[in-house]
Amino acid sequence: MNKAEYAASHGLKRVGARPPFFSYLGEVWRRRVFAWTLSTYTSEAANARTRLGRWWLILLPTIQAGTYGLIFGLILGSNRPHNFLAFLFTGVFLFSFMSGAFQSGASSIVGNAGLVRSLSFPRILLPLSSVIQQFINLWAQLALLLVTLLITAFDFSNLTWQNPIDLDWALFPVVVLLMVMFCSGLAMIAARINSQARDLGKLIPFITRIAFYVSGVFFSLETVLAAWPTALAIFEFNPFYDFIQLSRGLLVAGYEPSAKLWLLCIGWAVIMPIIGSLYFWKAEEVYGRDD
Amino acid sequence: MTTNDQAVAAETRQPVVVVDGVDIIYKVYASGKRANKWNAGGSKQTLREVHAVKNVSFTVYQGETIGIIGTNGSGKSSLLRSVAGLTQPTNGAVYASARPVLLGVGAVLMPSLSGEKNIMLGGLAMGYSKKETAELAPAITEFAGLEEFIDLPMRTYSSGMSARLRFAIAASRNHDILIIDEALSVGDQQFRKRSEARMREMRDTAGTVFLVSHSIKSILDTCSRVIWLEKGVLKMDGDPLEVCKAYNRYTGVTSTED
C-alpha cells in the first residue's frame, strides 16, 4: 500500500486540493460576509489617512465630472452630444465603476498577498470583494448623477420637468445589477491573468485608456461612426459602451434604450461570470505561490 | 524506529497528516552576470531554480505535537506552507484529516486596519460568523494583551505585538491541526508562557500542533516528536531529546568550522 492509498484508507484528503466547481461556489457563498466585510474595511482604510476621510467618496467623482465636463465641453464645442452634462456624467461614472472593477480586480490577488499567504479561503472572494468595493464607491456617484439629471431635466423658464421620471428609471437598477455581474466576471479573469503574468499590471493603464476612448464616454459613437456602419456594428459589441448607452437610454432625456442593447447587456452579464469563475477556479491551487 | 515497528504503529494509530515525497522547487529571477541568448543584450535577469524541500516524507499521528528544527533557510517554512495547502508542492502531496491552519510571523493581515478589524477579518476567513467572531474578540484581545492598542492600525504595532495578535486569533478556537511558525519567538517571556500553556491545552483536546522554533527549550517543553530539516532534506525524525542533541552537535560543529 503506498502512502496515497494509506492516507485515503484513513479518510485523509489531499491538502489544498481544488474542490469541485459547485462545492467551491457553495464555500464562496458561505464566506460571503468575509468578502463584504473586507471590501467595506478596505474602502474605509483607503480614505483613513486623508484629512477629508469619507468625504472623498463624493468629492472625487465631483472633481472628476467637473474636469471632464470642462475639458470635453470646451474641446467638443458645438459637436457636444445632446443633453451633454447628463450624457457625460452617465458615461464617466459608469465607466469609472467598470474600469475600477477591472483594475482593482487585477490587483486583488497580487495586492492581498498577506491574506492569501496566511489564511485559506476560496480565493475568488478577493476579486469579488474588489467589485463590491467599487460598488460602494458607485453609490456616491449615482447620487451625484441623480442630482445632475434632475437639474438638467428641469426647465427653468416655465418651472416644469422636461423629462418626467418614468418607468425607465425603475429599470435602471436592473442595468446596475447586470453591470455588477459583468464586472465580477471581468475582475476574476483579470485577477488570474495578473497573478500569473504580472505583465498585465504594466498594460492596465493603456487598456483602460483605450477602453475610455472607444466606449463613447464623452462623445457619441453613432455620430462619429455614422459614415462607417460596419465599424459601428463592431463597436456596439463593446460591453463598456453597451452598459453606458443602455443607461443613457433609460435616464437621459433624448436617448432611447434599444432591444439590441438590452440583449447585449444581458448576454455580457450572464456569460462573463460563468467564464470568469470557471477560469479563476481552474488555477485555485496556485494563487499565492511566490514564484 | 525500524520499518517493522512503523508498520505495526501504522496499523494501530490514526494518522492525521501524511506527507508523501514532497518536493518544493521555486523558480526565481536572480540578477546574475551570466549571459545567455535571451539576456545577452545587457539584461541581468536569469531564471534560477531553488530546491527548497527535497523528497520529504513522514506521517503524523493523532495527539502528537511535532517540533520542526533546522538552520535558517533549511526549508522549514516552505514545508509547512505546503502542509497548510498555501503552496502546492512541485512533486508529491500532503494528505490531512482536516484543513491545517498556519500561523506564521510573516503573515501580515491588513496593516492599514485596526487590530479589532483584523480580528474580525481573520475570524470570518476562518469560517466563523460575524456574531461568533464578535463574541470571541474580547478574549482574543485579552490573550494578546493588547487592550490598550486594539483600535490602532496594525501598521503601528511592533513585530512582537502583531505576532501576539495573530497567535491569539488563530488560537481562539481549537483547530484539529495548527501550525505555528516561529510565532512565539517574538513575544515576551510573559506571552510565551501563556501561549505554551494554550498549545498544551490544544494538544490535550486531541488537536495536532506543529511548532517551528529556534528555541530548543520551547521545543523540548512542548513537543512529543521532533523533525530536523537540513538543506531541504529530512535529516532526523524521532524523540525530542535525541534529535535536539544531534542538532546541537551539528550546529556546534558547523560554527567551529566557520
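Residues numbered from 1 in each chain as written. Chains lettered and ligands numbered in written order. Predicted model: local features only at pLDDT ≥ 70, side-chain atom pairs only at ≥ 80, totals over all residues. Heavy atoms only, no water.

Draft legend 1. Structural context of the layout of surface pockets. Approximately 850 Å³ is the volume found for the largest pocket. Around the largest pocket, the lining is made up of 38 residues, and of these Glu-27, Arg-31, Ser-120 and Phe-121 of chain A together with Arg-99 of chain B lie nearest the centre. Where the lining of the largest pocket is concerned, the elements lending two or more residues are strand 1 (13-14) and helix 2 (21-30) of chain A together with strand 5 (101-104) of chain B. It is helix 2 of chain A that provides the largest number of residues to the lining of the largest pocket, a total of three residues. Looking at side-chain class alone, the lining of the largest pocket contains 19 nonpolar, nine polar and ten charged residues. (1 Å grid on protein atoms, 1.4 Å probe; cavity = no way out; pocket = protein on both sides within 12 Å on 5 of 7 lines; lining within 4 Å. Points joined across faces, edges and corners; volume = space filled by probe spheres on them. Helix = DSSP H or I, 4+ residues; strand = E, 2+ residues; numbered from the N terminus. Nonpolar A, V, L, I, M, F, W, Y, C, P; charged D, E, K, R; others polar.)

Draft legend 2. Examining the environment of Phe-218 of chain A more closely. Residues and elements named next belong to chain A. Tracing the backbone shows Phe-218 in the loop between helix 9 (199-214) and helix 10 (221-224). Separated by 148 residues in sequence, Phe-218 and Leu-70 have C-alpha atoms that sit 11 Å apart. With residues near it in sequence (within four places) discarded, Phe-218 still touches Phe-72, Leu-76, Pro-81, Phe-84, Phe-87, Leu-88, Phe-212 and Tyr-213. (Contact = heavy atoms within 4.5 Å.)

Draft legend 3. Fine view of the side chain of Ser-215 of chain A. Residue and element names in this part refer to chain A. Inspection of the secondary structure assignment puts Ser-215 in the loop between helix 9 and helix 10. A polar side-chain atom of Ser-215 sits 2.5 Å from the main-chain carbonyl oxygen of Ala-211. In this structure the side chain of Ser-215 is engaged in a polar contact, spanning 3.0 Å, whose partner is the side chain of Asn-238. (Polar contact = N/O pair within 3.5 Å; in protein donor to acceptor, adjacent residues only side chain to side chain.)

Draft legend 4. Inspection of the packing of aromatic side chains at higher detail. Counted according to the given criterion, the structure contains 25 aromatic pairs over all chains. Ring centres 5.8 Å apart and planes at 50° place the aromatic pair Phe-89 of chain A and Phe-93 of chain A in the tilted group. In this pair, Phe-89 of chain A and Phe-93 of chain A both sit in helix 5 (residues 84-106), four residues apart, roughly one turn of the helix. Accessibility classification places Phe-89 of chain A together with Phe-93 of chain A in one group, the buried group. Seen in terms of ring centroids, Phe-167 of chain B and Phe-191 of chain B are 5.9 Å apart; in terms of plane orientation they differ by 90°. Their pairing is edge-to-face. Residue Phe-167 of chain B is found in helix 5 (residues 159-170), and its partner Phe-191 of chain B is found in helix 6 (residues 189-204); the two are separated by 24 residues along the sequence. Per residue, the accessibility class of Phe-167 of chain B equals that of Phe-191 of chain B, and both read buried. The structure contains a cluster of three or more aromatic residues connected by ring pairs, namely Tyr-68, Phe-72, Phe-95, Phe-182, Phe-212, Tyr-213, Phe-218, Phe-219, Phe-240, Phe-243 and Trp-268 of chain A. Residue placement shows Arg-18 of chain A over the ring face of Trp-281 of chain A; its charged tip is 4.3 Å from the ring centre. (Phe/Tyr/Trp six-rings, centres within 6.5 Å; stacked < 30°, edge-to-face > 60°. Buried < 20%, exposed > 50% of the residue type's maximum accessible area, 1.4 Å probe, protein only. Lys NZ or Arg CZ within 6 Å of the ring centre and 35° of its normal.)

Draft legend 5. Local environment of helix 7 (residues 125-152) of chain A. Here helix 7 of chain A contains 28 residues, and its C-alpha end-to-end distance of 40 Å stays within 8% of the 40 Å for a straight helix at 1.5 Å per residue. Its maximal kink placed at Leu-138 of chain A, helix 7 of chain A deviates by approximately 25°. (Expected span 1.5 Å × (residues − 1). Bend = angle between axes of the 7 residues up to and from the residue.)

Draft legend 6. Representation of the environment of Val-17 of chain B. Note on placement: Val-17 of chain B falls in strand 1 (residues 15-31). Given the relative accessible area of 0%, Val-17 of chain B is considered buried. Each C-alpha atom, one on Val-17 of chain B and one on Thr-141 of chain B, is 31 Å from the other, the two residues being 124 residues apart in sequence. Residues within four places of Val-17 of chain B in sequence aside, it is in contact with Leu-12 of chain A together with Phe-58, Thr-59, Val-60, Val-83, Val-94, Tyr-95, Ala-96, Ile-177 and Phe-210 of chain B.

Draft legend 7. Representation of a nonpolar patch on the surface. Residues and elements named next belong to chain A. Nonpolar side chains collect at one region of the surface, where Leu-177, Met-181, Ile-193, Ile-266, Val-270, Ile-271, Ile-274, Ile-275, Leu-278 and Tyr-279 lie side by side and expose about 810 Å² of accessible area between them. The set of elements that each furnish at least two residues to the nonpolar patch consists of helix 8 (167-196) and helix 13 (259-282). Here the nonpolar patch gets seven residues from one element, more than from any other, and that element is helix 13. (Patch = residues over 30% accessible without salt bridge, like charges linked within 9 Å, V, L, I, M, F, W, Y side chains within 5 Å. Areas by Shrake-Rupley, 256 points an atom, 1.4 Å probe, with all protein chains shown as cover. Salt bridge = Lys/Arg side-chain N within 4 Å of Asp/Glu carboxyl O.)

Draft legend 8. Representation of the pairing of strand 3 (residues 65-69) of chain B. Residue and element names in this part refer to chain B. Counting buried residues in strand 3 gives five out of five residues, a clear majority hidden from the surface. What you see with strand 3 is no split at all: Thr-65, Gly-67 and Ile-69 on one side and Ile-66 and Ile-68 on the other are buried throughout. Here four bridges tie strand 3 to strand 7 (residues 208-212), and the two strands are oriented parallel to one another. Bridge pairing in strand 7 links Ile-68 to Val-212. Relative to strand 8 (residues 225-230), strand 3 is paired through four bridges, and the arrangement is parallel. Residue Ile-66 lies in a different strand from strand 8, and its bridge partner there is Arg-225. (Pairing = 2+ DSSP bridges.)

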